[in-house]
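# A closer look at the structure
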Amino acid sequence: MLRISDGDIAQGYCPPAPRPPEQRLRLFALLATLKRNPLECWSAEFFREPIAKVKLPFADAFLVHDPVAIKRVLVDNAGNYRKDPIQRRILATGLADGLLSVEGARWEAQRRMLAPLFARRTVTSFTAAMLAAADRLAERWRRLEPNATVDIAAEMTLITLNVLALTIFSDGIAGDYDEFREAMNAYFAVIGRIGVLDLLGAPQFVPRPGQRRLRRTMGYFEGVIDQLIATRWRRLASLPAGEGPSDLLTLLLRALDPSTGQSMSLPEVRSNILTFLSAGHETTANTLAWSIFLLSQASDWRARVREEAARELTGPVEGMADRLVVTRAVVEEALRLYPPIAALSRMAKCADTLGGVEAKPGALIVIAPYVLHRHRLLWDRPDAFDPSRFLPQNRSAVARFAYLPFGVGPRICIGASFALQEATIVLAALTHHFDIALMPDAKVWPLQKITLRPAHGLPMRVTSRDCNEQAA
Ligand code: HEM
């Protein structure tokens, strides 16, 4: 596969990405590539055209990268589109009763109940937990041999799980934390495989490989989570109203539907915890891993982040993430070049017209942030790394419907500010304390496997800067 930077492109630094083939892939090659790495399916035409139609064996697919048509699908006429069956089938196991999967009135009720958990004030109150997770990782890195090499992708997976553990279960996870983490990874390994059966639209009763393993993993999770919920219920019941650990679990158990006064059922609480862990874990880990990689390739931006971090990390915790504007711009640019959710899909319930093209009922609509964020009609130097696009003075030039790492409309990511705050704080802290350099023989390549991750991890050398800082 050719890389973008293999070409003669005078754009500035263009990080690794597949060079889109000139011709569309034929069906057999398309299915094989979708299975290997869906990112490599996008041909040059999709990065130039606002809307393209593709005939699939089970439906027509519309690849929509026209901001006006995107607004229609995800906002103005969102009621006409539901999450498509492939996406639902992949997500259904274990997450079926959670916000990511439910639809209609049930989704509306859950979204209302969960909104306060991710409100600005709540997310800001998690700053200390995010800094604590970064400190814990920094402590471990300082104990490594000099010039040790670590896989930054795996390390970021650890830190994001840690942040979720600290913000959901602030009083700890019952049982063995490593066992919990391994079960989580096994779960991702199974749901991360988009099978040919799914792509061909085979019905749910056709057994998929890995389902039995997934059920075993789920059984383990449900046991641990049920125990955590039961313990917390007992604790909250023994305390005066309004007291108790201030974390996402307490907020979830106390959440009431404003219109009915009802709280969530146990399967809904359990499914939403699993949803937060699944939706918030790999996505944020990949954002951080790509941000660290991009900074390792751009000494000018690394210096700017360091200067900002040295100033702001010693200041008040309140509002810290808002003051880290350069770091945040790097995170947002990483999300543009490597959006963790590389494609969103919907299925039309009734006919609709998108950019003058008729989509029949049952049509599959694909909006790929990966394509949108590098679209020739929407971005200047689309493949180049340039965080200045997201600095406060330039931010308003980024069109709302041209940049969708968190989606948009009613089903926009509920955890967007949580993720942005976490990635900004952790990136600033790690860049401040360490030199993180890519190993010369590292092969860096984006792979879409549920999330957009580095295919071979990110082997990087980590060296503490603390002595240099003290000497300075
Ligand atoms: C950089 C990190 C993240 C990215 C890129 C991301 C991306 C997304 C996207 C694109 C969607 C919309 C999917 C669609 O419209 O089909 C979404 C939904 C969602 N995300 Fe995130 N997410 C991130 C972090 C988080 C975190 C930290 C949490 C929670 C702790 C979370 C929880 C959710 C939930 C519950 C939904 C479903 C919302 C609904 O349907 O109402 N996400 N996310």
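What this report covers is the structure whose coordinates are included nearby. (Residues numbered from 1 in each chain as written. Predicted model: local features only at pLDDT ≥ 70, side-chain atom pairs only at ≥ 80, totals over all residues. Heavy atoms only, no water.)

### With respect to the overall build of the protein chain
- When its secondary structure is counted, the protein chain shows 19 helices and 12 strands.
- Going through the 472 residues of the protein chain one by one, you find that 53% of them count as buried.
- Counted over contacts in the protein chain with a minimum sequence separation of 6, partners at least 24 positions apart contribute 72%. (Helix = DSSP H or I, 4+ residues; strand = E, 2+ residues; numbered from the N terminus. Buried < 20%, exposed > 50% of the residue type's maximum accessible area, 1.4 Å probe, protein only. Contact = heavy atoms within 4.5 Å.)

### Quick notes on helix H14 (residues 299–312)
- Spanning 14 residues, H14 covers 20 Å between terminal C-alpha atoms, matching the ideal 20 Å at 1.5 Å per step.
- Those residues of H14 that are buried lie in contact with helix H13 (266–296), helix H15 (320–323), helix H16 (325–337), helix H18 (416–433) and strand E9 (434–438). (Expected span 1.5 Å × (residues − 1).)

### Comments concerning the packing of aromatic side chains
- Inspection of the entire model under this criterion finds 10 aromatic pairs.
- Taking 3.8 Å as the distance between ring centres and 15 degrees as the angle between the ring planes, the aromatic pair formed by Trp290 and Tyr338 counts as stacked. On the criterion of sequence distance, the pair formed by Trp290 in helix H13 and Tyr338 in the loop between H16 and strand E5 (344–348) is long-range, its members being 48 residues apart.
- Under the relative-accessibility criterion, Tyr338 is labelled buried at 1%.
- Between Trp379 and Tyr403, the aromatic rings sit 6.3 Å apart at their centres with planes inclined by 70 degrees, giving edge-to-face as the arrangement. Of the two residues, Trp379 sits in the loop between helix H17 (369–372) and H18 while Tyr403 sits in the loop between H17 and H18, which places them 24 residues apart along the sequence.
- We classify Trp379 as buried; its relative accessible area is 10%.
- Cluster of aromatic residues (ring-pair linked, three or more members): Phe118, Phe126, Phe276 and Phe418. (Phe/Tyr/Trp six-rings, centres within 6.5 Å; stacked < 30°, edge-to-face > 60°.)

### Digging into helix H7 (residues 127–142)
- Over its 16 residues, H7 runs 22 Å from end to end, which matches the ideal 22 Å to within 8%, given 1.5 Å per residue.
- Among the residues of H7, those classed as buried are Thr127, Ala129, Met130, Leu131, Ala133, Ala134, Leu137, Ala138 and Trp141.

### Some thoughts on the nonpolar core
- Membership of the largest hydrophobic core comes to 115 residues, with the highest contact counts inside it found for Trp141, Ile152 and Met156.
- With 13 residues, the top contributor of residues to this core is H13. (Core = buried A, V, L, I, M, F, W, Y, C linked by side-chain atoms within 4.5 Å.)

### Looking at the packing of H14 against H16
- At a minimum axis distance of 8 Å, the contact between H14 and H16 shows a crossing angle of 140 degrees. Viewed along their axes, H14 and H16 adopt a mutual orientation that is oblique. On H16, the residues that touch Trp301, Arg304, Val305 and Glu308 of H14 are Val325, Val326, Thr327 and Val330.
- Looking at the contact of H14 with H16 residue by residue, the class counts come to five nonpolar, one polar and two charged. (Axes fitted to C-alpha atoms, helices over the stretch in contact; angles between N-to-C directions. Parallel < 35°, antiparallel > 145°, perpendicular 65-115°, else oblique. Nonpolar A, V, L, I, M, F, W, Y, C, P; charged D, E, K, R; others polar.)

### Quick look at the environment of Arg374
- Structurally, Arg374 can be placed in the loop between H17 and H18.
- Residues Arg374 and Tyr403, spaced 29 residues apart in sequence, show a C-alpha to C-alpha distance of 9.6 Å.
- Leaving out residues up to four positions away in the same chain, Arg374 has contacts with Ile4, Ala17, Phe47, Leu337, Tyr338, Trp379, Pro382 and Asp383.
- A polar contact is formed between the side chain of Arg374 and the backbone oxygen of Leu337, at a distance of 3.0 Å. (Polar contact = N/O pair within 3.5 Å; in protein donor to acceptor, adjacent residues only side chain to side chain.)

### A short note on the sheet that holds strand E8 (residues 364–367)
- One open sheet holds the five strands; their spatial order is E1-E2-E8-E5-E3, and the pairing between them is mixed. With one partner strand each, in any of the chains shown, strand E1 (51–55) and strand E3 (81–83) form the two edges of the open sheet. Within the sheet, the average angular offset between the axes of one strand and its neighbour, ignoring direction, is 30 degrees. (Pairing = 2+ DSSP bridges.)

### Here's the deal with the site of the ligand
- Close contacts around the ligand come from 28 residues, with Trp107, Arg111, Arg346, Arg411 and Cys413 the closest.
- Side-chain polar atom of Arg111 to an oxygen atom of the ligand: 2.7 Å apart, as the coordinates give it.
- Of all the secondary structure elements, the ones that give two or more residues to the shell around the ligand are helix H5 (104–114), H13, E5 and H18.
- With seven residues, H13 is the largest single contributor of residues to the shell around the ligand.
- Residues that form the shell around the ligand fall into these classes: 16 nonpolar, eight polar and four charged. (Near = heavy atom within 4 Å.)

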